[in-house]
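# Summary of the model geometry
The primary structure of each chain is shown beneath.
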Amino acid sequence: MMTLNLPEVLAEVTAQFERYERALTTNDVAVLDELFFKSPHTLRYGVTENLYGYEAIAAFRAGRPAQGLQREILRRAITTYGRDFATANIEFRRAGAGRTGRQSQTWLRTADGWRVVAAHVSLLAPPAG
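So, a few notes on the structure that sits alongside this text. Owing to the predicted nature of the structure, the values given are computational and were not obtained by experimental measurement.

### Some details on the pattern of salt bridges
As a working rule, side chains carrying opposite charge can pair if their charged atoms are close by. In this structure the tally under the stated criterion is eight salt bridges. The partner of Glu8 in a salt bridge is Arg83, with the nearest N and O atoms 2.9 Å apart. Taken together, the residues Glu8 in helix α1 (residues 7-26) and Arg83 in the loop between β3 (71-81) and β4 (85-94) connect sequence positions 75 residues apart. The residue Arg109 makes a salt bridge to Glu12 at a minimum N-O spacing of 2.9 Å. Remark: Glu12 occurs in helix α1 and Arg109 occurs in strand β5 (residues 100-110); sequence separation between them is 97 residues. One continuous salt-bridge network, built from bridges that share partners, spans Glu12, Asp84 and Arg109.

What follows is the structure, encoded as structure tokens:
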């Protein structure tokens with residue numbers, strides 16, 4: 001039977017998620033590239049782009065502007081399923097922006113450590129009024 005949120009596995013995934021978040025907000029492209037699974041099956045849906053495969057994701061990161069990356073995490077939910085699979089979901093707000101965003105990541109334990117195999121980032125529409 002699969003166990004959810006084994007403490008040691010949850011700690012591992014949380015540490016990698018926090019490492020990813022630091023790399024994202026400081027534009028540490030090397031760490032971002034490291035944490036995505038190197039496969040043509042890895043995907044990342046962004047606010048303005050759909051990226052299929054590790055190479056497309058790495059190319060996007062290499063060309064992305066390094067300004068305006070700071071954000072506040074409003075809510076975080078990390079769940080592990082057994083020892084080798086996890087999801088990480090956050091709600092966030094960019095510094096100086098009135099819009100809320102969402103990020104979902106699927107993490108897999110690989111021979112090289114925990115890696116993102118699928119990710120999705122979206123922004124909610126601004127409040128009406």
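From this point, the narrative continues.
### A word on α1
End to end, α1 covers 28 Å across 20 residues, agreeing with the expected 28 Å (1.5 Å per residue, within 8%). Residues of α1 that are buried include every one of Val9, Val13, Thr14, Gln16, Phe17, Tyr20, Glu21, Ala23, Leu24 and Thr25, and no others. Just past α1, the residue Asn27 takes up positive phi, approximately 55 degrees.

### Regarding the packing of aromatic side chains
As enumerated under the stated definition, the model contains three aromatic pairs in all. With centroids separated by 5.8 Å and ring planes inclined at 55 degrees, the aromatic side chains of Tyr81 and Phe85 adopt a geometry described as tilted. Positioned above the aromatic ring of Phe92, the side-chain terminus of Arg71 is 4.4 Å from the ring centre.

Rules of the game
Residues numbered from 1 in each chain as written. Predicted model: local features only at pLDDT ≥ 70, side-chain atom pairs only at ≥ 80, totals over all residues. Heavy atoms only, no water. Salt bridge = Lys/Arg side-chain N within 4 Å of Asp/Glu carboxyl O. Helix = DSSP H or I, 4+ residues; strand = E, 2+ residues; numbered from the N terminus. Expected span 1.5 Å × (residues − 1). Buried < 20%, exposed > 50% of the residue type's maximum accessible area, 1.4 Å probe, protein only. Phe/Tyr/Trp six-rings, centres within 6.5 Å; stacked < 30°, edge-to-face > 60°. Lys NZ or Arg CZ within 6 Å of the ring centre and 35° of its normal.

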